[in-house]
Amino acid sequence: NAGVTQTPKFRVLKTGQSMTLLCAQDMNHEYMYWYRQDPGMGLRLIHYSVGEGTTAKGEVPDGYNVSRLKKQNFLLGLESAAPSQTSVYFCASSYTGSRLAGGPDTQYFGPGTRLTVL
Amino acid sequence: EDQVTQSPEALRLQEGESSSLNCSYTVSGLRGLFWYRQDPGKGPEFLFTLYSAGEEKEKERLKATLTKKESFLHITAPKPEDSATYLCAVQAYSNYQLIWGAGTKLIIKP
């Protein structure tokens, strides 16, 4: 049981280049999330997905796109990287985010991708 | 506006010196408050979920408590391996997205 995995672990881009970060989970979770973490700030939600084929914007979605073609995978794309996107990116997954579920909504995180945009 | 503030930003303790970390929050209808531990270069690792004021949870040297305005993470007789950044997050009934604090960096010196 690998949990949540992310590839790549590190990446350096030049301004204007594009890339895709891959997140995979083997816990059969419905919900998946992409966050960025910057020094001195809390985790900020970029995009999330409530199920296969669905995506939604979070707090800081500009400059990013996502896709959830398979339940176990959640891709984060940067179409034209900017230095402001230098950050550590975390993927997370959870059983459910619905308030109707009544149960815990613990998010489980991957190891992160450290991205530098020059 | 839903908000989470953690204090202090950093805390240095001697091994065995007990202390507490604070997580103050404002949220319209708290569904849950979460504590995570994050080691350098790694993803956050889940510790506890608290749901209602007065609730307490323990794990080894850690105990989390919750009131209507804040949560405390008490660390009893800490060891160097407890050194990490501790993150707090809240979830409201109106929006299941987590609102995160900036974290407290805890350093335990042997």
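Structure first, text after, so check above.
Fair warning: this is a prediction, and the values are worked out from it, not measured in the lab.

> Looking at this structure, how should I read the pairing of strand S7 (residues 62-66) of chain B?
Residue and element names in this part refer to chain B. Counting buried positions along S7 gives four out of five residues, so the element sits mostly inside the fold. The loop that links strand S6 (residues 56-59) with its antiparallel partner S7 comprises two residues; one of these, glutamate 60, has a positive phi angle of about 55°. Taken together, the five bridges between S7 and strand S8 (residues 70-75) define a ladder with antiparallel strand orientation. Counted as the bridge partner of alanine 64 is leucine 73 from S8.

> I would appreciate a short explanation of the interface of chain A and chain B in the present structure.
Many descriptions give the size of an interface as the accessible area lost when the pieces come together. In this assembly, 24 residues from chain A lie in contact with 21 residues from chain B. For the chain A and chain B pair, buried surface summed over both sides reaches about 1,700 Å², with 52% attributable to carbon and sulfur atoms. Connecting chain A to chain B are zero salt bridges. In this structure, the connection of chain A to chain B is made through three residue pairs in polar contact (both at pLDDT 80 or more).

> Explain the pairing of strand S11 (residues 113-117) of chain A to me, please; I cannot follow it from the model alone.
On a regular strand, one side chain projects to one face of the sheet and the next to the other, so that they alternate. Residue and element names in this part refer to chain A. Residues of S11 alternate between two faces, with Thr113, Leu115 and Val117 buried on one and Arg114 and Thr116 left unburied on the opposite face. Where strand S2 (residues 10-13) and S11 come together, four bridges link them in parallel fashion. Within S11, the position partnered with valine 12 by the bridge is threonine 116. Pairing analysis gives three bridges linking strand S9 (residues 87-94) to S11, with the strands arranged antiparallel. Within the sheet, the bridge partner assigned to valine 88 lies in S11 and is arginine 114.

Cut-offs used in this document
Residues numbered from 1 in each chain as written. Chains lettered and ligands numbered in written order. Predicted model: local features only at pLDDT ≥ 70, side-chain atom pairs only at ≥ 80, totals over all residues. Heavy atoms only, no water. Buried < 20%, exposed > 50% of the residue type's maximum accessible area, 1.4 Å probe, protein only. Helix = DSSP H or I, 4+ residues; strand = E, 2+ residues; numbered from the N terminus. Pairing = 2+ DSSP bridges. Contact = heavy atoms within 4.5 Å. Buried area = accessible area lost by both parts, 1.4 Å probe. Salt bridge = Lys/Arg side-chain N within 4 Å of Asp/Glu carboxyl O. Polar contact = N/O pair within 3.5 Å; in protein donor to acceptor, adjacent residues only side chain to side chain.

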